[in-house]
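Spelled out from the first residue to the last, the chains are:
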Amino acid sequence: MRHPRTAFSAALTVGLTLAAALGAVPATAAVPADSPTKAAVPSYVAYEGSAADTKATRAFFQAVLKSVAEQRAANPGARVVTVTYNATSAPTFRSQIARSTQIWNSSVTNVRLQEGSNPNFRYYEGNDARGSYASTDGRGRGYIFLDYRQNQQYDSYRVTSHETGHVLGLPDNYRGPCSELMSGGGPGPSCRNAVPNTQERSRVNSIWAYGLAAAAARIS
C-alpha cells in the first residue's frame, strides 16, 4: 500500500485506538528472508510506485495462482477458487487480517480466502523501510508484509485489506479517491475505508471467473 509522492513516512497517527492496538511492537519479528534492511532501502519513497514495486506485486499474484493451480488440479472446473493463507507470523495483526478476510469474502463470489494449512500465501510483520507490501518468496508462494510504523500512521484495517487485494489480482491506483481501496495512501492518513468499491469487486470477480483458467489467462 504505497503512494509515490505522499509516502507513509510523512503521515500522522490514525488515532488512540489504533496506536494502543499496535503500540507494543515485538522485539523480534518473523520476516521473509528477502525482506530488505533500512540500509538497502532508505525510505518508503524510494520504493513506492517504483518498477520494482510493480514487478513484485505482479510476481506475487502469479505465485499465488501457481500454488492454487497445483492444489486444485484435481478439480479444474471449480467455479469458486479457495486461496489459503497463514497468519501465524503476524500475530499483532490477527484482527486486521480476520477483518480483511471477512470483507473480501463478503465482497466477491468467484474466489474465497481461508486460513489453513499448506497456504498459498503468508502474512508477516516487522519493520521495513518500504512499508507494507505484497511479494513472492521465489518458491511458488506469495506473502504480505505488514510494517509496524506504516500501520500506526495509516488505518491498519485499510492497509491490510489493501495488501490482501493484491492477492486477488488488483493493482495499485494511488490517484484514486478514498472510496477506492487500491488507492492506498493516496487520499491521506484520514482515509479509513477498508472496503473495495463496486468496480474493484467486479474486477476481482472477472479475474477469477470460471476458476483458474480465466485467472491464468488474465496474467499470461
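Residues numbered from 1 in each chain as written. Predicted model: local features only at pLDDT ≥ 70, side-chain atom pairs only at ≥ 80, totals over all residues. Heavy atoms only, no water.

## A word on the sheet that holds strand β4 (residues 133-136)
Strand pairs in the sheet, formed through backbone hydrogen bonds, run parallel or antiparallel to each other. Counted only if it meets this: Here, any two strands with at least 2 DSSP bridges between them count as paired. Under the scheme used here, helices are H or I runs from DSSP no shorter than 4 residues and strands are E runs no shorter than 2 residues, and both carry numbers assigned from the N terminus. The angle between two axes is taken between their N-to-C directions and runs from 0 to 180 degrees, where each axis is a line fitted to C-alpha atoms and a helix contributes only its stretch in contact.
Read across the open sheet, the five strands follow the order β2-β1-β3-β5-β4; overall the sheet is mixed. Across the chains shown, the open sheet's two edge strands, defined by having one partner strand only, are β2 (111-115) and β4. For this sheet the average axis-to-axis angle between neighbouring strands, irrespective of direction, equals 30°. As paired elements, strand β3 (residues 121-126) and strand β5 (residues 142-147) share six bridges and run parallel to each other. Opposite Glu125, over in β5, you have Leu146 as the bridge partner.

## Some thoughts on the environment of Leu170
Position of Leu170 relative to the elements: it lies in the loop between α5 (156-167) and α6 (198-207). Between the alpha carbons of Leu170 and Arg58 there is a distance of 9.2 Å; along the sequence they are 112 residues apart.

## Focus: the pattern of salt bridges
The line we're drawing: Any Lys or Arg side-chain nitrogen found within 4 Å of a carboxyl oxygen on Asp or Glu counts as a salt bridge. Only protein chains enter the accessibility calculation, which uses a 1.4 Å probe; a residue is then buried when its area is under 20% of its type maximum, exposed when over 50%, and partly exposed in between.
Tallied over the full model, the rule gives three salt bridges. In this structure, the salt-bridge partner of Arg94 is Glu115, at a minimum N-O distance of 3.0 Å. One end of the pair, Arg94, is in helix α3 (residues 94-107); the other, Glu115, is in strand β2, with 21 residues separating them in the sequence. With relative accessibility at 36%, the residue Glu115 sits in the partly exposed group. Salt-bridge contacts for Asp155 lead to Arg192; the nearest nitrogen and oxygen are separated by 3.2 Å. Of this pair, Asp155 sits in the loop between α4 (148-153) and α5 while Arg192 sits in the loop between α5 and α6, and the two are 37 residues apart along the sequence.

## Details of the environment of Ser183
Heads up, the condition is: Only heavy atoms enter the contact rule, under which two residues are in contact if any of them lie within 4.5 Å. Whenever a nitrogen or oxygen atom comes within 3.5 Å of another N or O atom, the pair is scored as a polar contact, on the condition that within protein one atom can donate a hydrogen and the other can accept it, and that pairs from neighbouring residues in sequence are kept only if both atoms are in side chains.
Tracing the sequence through the fold places Ser183 in the loop between α5 and α6. The exposure class assigned to Ser183 is buried, which follows from its relative accessible area of 0%. Beyond its immediate sequence surroundings of up to four residues, Ser183 is in contact with Arg158, Asn173, Tyr174, Gly176, Pro177 and Cys178. There is a polar contact of 2.9 Å between the side chain of Ser183 and the backbone oxygen of Pro177.

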